[in-house]
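# Structural overview for review
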Amino acid sequence: MLQLTKQAFQQYLLKFRLNENAVATVKAHVSVNGKSFPVFVNEYWTAQQRQANALHEVSYRACFKPQLPRFFIDLFTQPGDIVYDPFNGRGTTVIEAALLGRNIVANDVNPLSLMLSAPRIAIPNLKELERRLDDIRLDKKAKAEIDLSMFFEKQTLVEIISLKNYLHQRLLSGKEDDVDRWLRMVATNRLTGHSSGFFSVYTLPPNQAMSADRQKKINKTRKQKPEYRDTKKVILKKSRILMRDMDEGMVNRLRKTKATFINGDATATKQIKKNSVALTVTSPPFLDVVQYADDNWLRCWFNNINIKEVATRITMSKTVEEWGAKMQQVFNELYRVTKPGGIVAFEVGEVRGGKVKLEELVVPLGLQAGFDCDGIIINQQEFTKTANIWGVNNNTSGTNSNRIVVFRKV
């Protein structure tokens, strides 16, 4: 039975080789707890080979490219199926699934995740956005409760705080609508960055926020000071970029998507029905590699989110044992919500220079929950030797390749 599954899985992968120039699939095996599982290595997707929709262009730390979930959505689902991500992040999996006509469920313990993903299922009209921005009252006396002068010019900060206060009042009054949610999403994404397309002076890319003290040092080193940014123009420009691949038909199809967004723990998702999910594509927090709360402190400020409270809820395990114990609970819940024949594609990236092989830890967790393991996919660009499959060192740190363990509920 296992051999048939392996053969079928290999055929799937060969079928979805992207072009004739791709290096042929390398088939290897890894032994986990005395059992052998197939490993398939290739360049299965690249940005050049399958251009992603511009709607994905929302920055978030440690997110994978849309080509990854699309590979599995195309392979294992049909229109109308439910696609799920228990660690939603910026919403790459669910946005791609919705664009492909699937219904979606997204969960994340960080409320920012849902603020950045849900608005892209209900895209407003650009003229509506412009009118709404014109209607927001500018409070010239507005001040931040913390010093942000190292990031923003004085008038720019007045505009940011006015928008911040407007959105907060709309939320508290229950009047927040799709236009407000879109404005919140785009403004949150435009707070800081490294070009004039952001509200701030030059700083780190927008997927993480520099500390105030560190920003002061950057300003001194670069001999720079914040210049005025027209926040309305910045928001409208980014909105046009996000919408550039969308036509009216696509926007209407997205609005018809059956979408569930959950702000909670991935180990307890009672909102999701048993045996309902056809495919899960996800990438969990990797030990303590990424400090999600620290990276998002400025975004949390703008959205009136208690960053200390969020930080206590986000899984930031310091040891493999702690991480594995938490992921076991996640797999138990995934088994409950996955329908028979459903697939879980669990991406574990590469951490600590390849010294920690999370895929070898993940396989027994899925088996313990009740899944079968079809194998491990490694999407790796320009690899030359099979020996480099485990622990490639083409980059000095961070994620070098996509490592996905594929499970099936039988």
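Structural notes, computed from the coordinates. (Residues numbered from 1 in each chain as written. Predicted model: local features only at pLDDT ≥ 70, side-chain atom pairs only at ≥ 80, totals over all residues. Heavy atoms only, no water.)

## Overview of the packing of helix α2 (residues 67-76) against helix α3 (residues 92-99)
Quick reminder of the rule: A fitted line through C-alpha atoms represents every axis, and for helices the fit uses only the stretch in contact; the resulting angles, taken between N-to-C directions, go from 0 to 180 degrees. Going along the chain from the N terminus, every DSSP run of H or I of four or more residues is numbered as a helix, and every run of E of two or more is numbered as a strand. For classification, angles of less than 35 degrees are called roughly parallel, those exceeding 145 degrees roughly antiparallel, those between 65 and 115 degrees roughly perpendicular, and all remaining angles oblique. The crossing is said to be left-handed when, going from far helix to near helix, the turn is anticlockwise and less than a right angle, and right-handed when the turn is clockwise. Contacts are residue-level and defined by heavy atoms, with any inter-residue pair within 4.5 Å sufficient.
Taken N-terminus to C-terminus, the directions of α2 and α3 make an angle of 45°; their axes are 9 Å apart at the nearest point. One element, α2, and the other, α3, form an angle in the oblique class. Crossing of α2 against α3: the hand is right-handed. Where α2 abuts α3, its residues Pro69, Arg70 and Ile73 lie against Thr92, Thr93, Glu96 and Ala97.

## Examining the packing of helix α5 (residues 126-135) against helix α9 (residues 231-243)
This is how the line gets drawn: Just so you know the grouping, Ala, Val, Leu, Ile, Met, Phe, Trp, Tyr, Cys and Pro go in nonpolar, Asp, Glu, Lys and Arg go in charged, and all remaining residues, Gly too, go in polar.
Two elements in contact, α5 and α9, have axes separated by 11 Å at closest approach and are oriented at 165°. The orientation of α5 with respect to α9, classified from their angle, is roughly antiparallel. Crossing of α5 against α9: the hand is right-handed. Contacts between α5 and α9 involve Leu126, Leu129, Glu130, Leu133 and Asp134 from the former and Lys232, Ile235, Leu236, Ser239, Arg240 and Met243 from the latter. Of the residues that constitute the contact of α5 with α9, the class distribution is six nonpolar, one polar and four charged.

## Observations regarding unusual backbone geometry
A positive phi angle, close to 55°, is found at asparagine 275, a residue other than glycine. The topology assignment puts asparagine 275 in the loop between β5 (259-262) and β6 (277-282). Non-glycine residue asparagine 304 carries a positive phi angle of around 55°. Residue placement: asparagine 304 occurs in the loop between α12 (297-302) and α13 (307-313).

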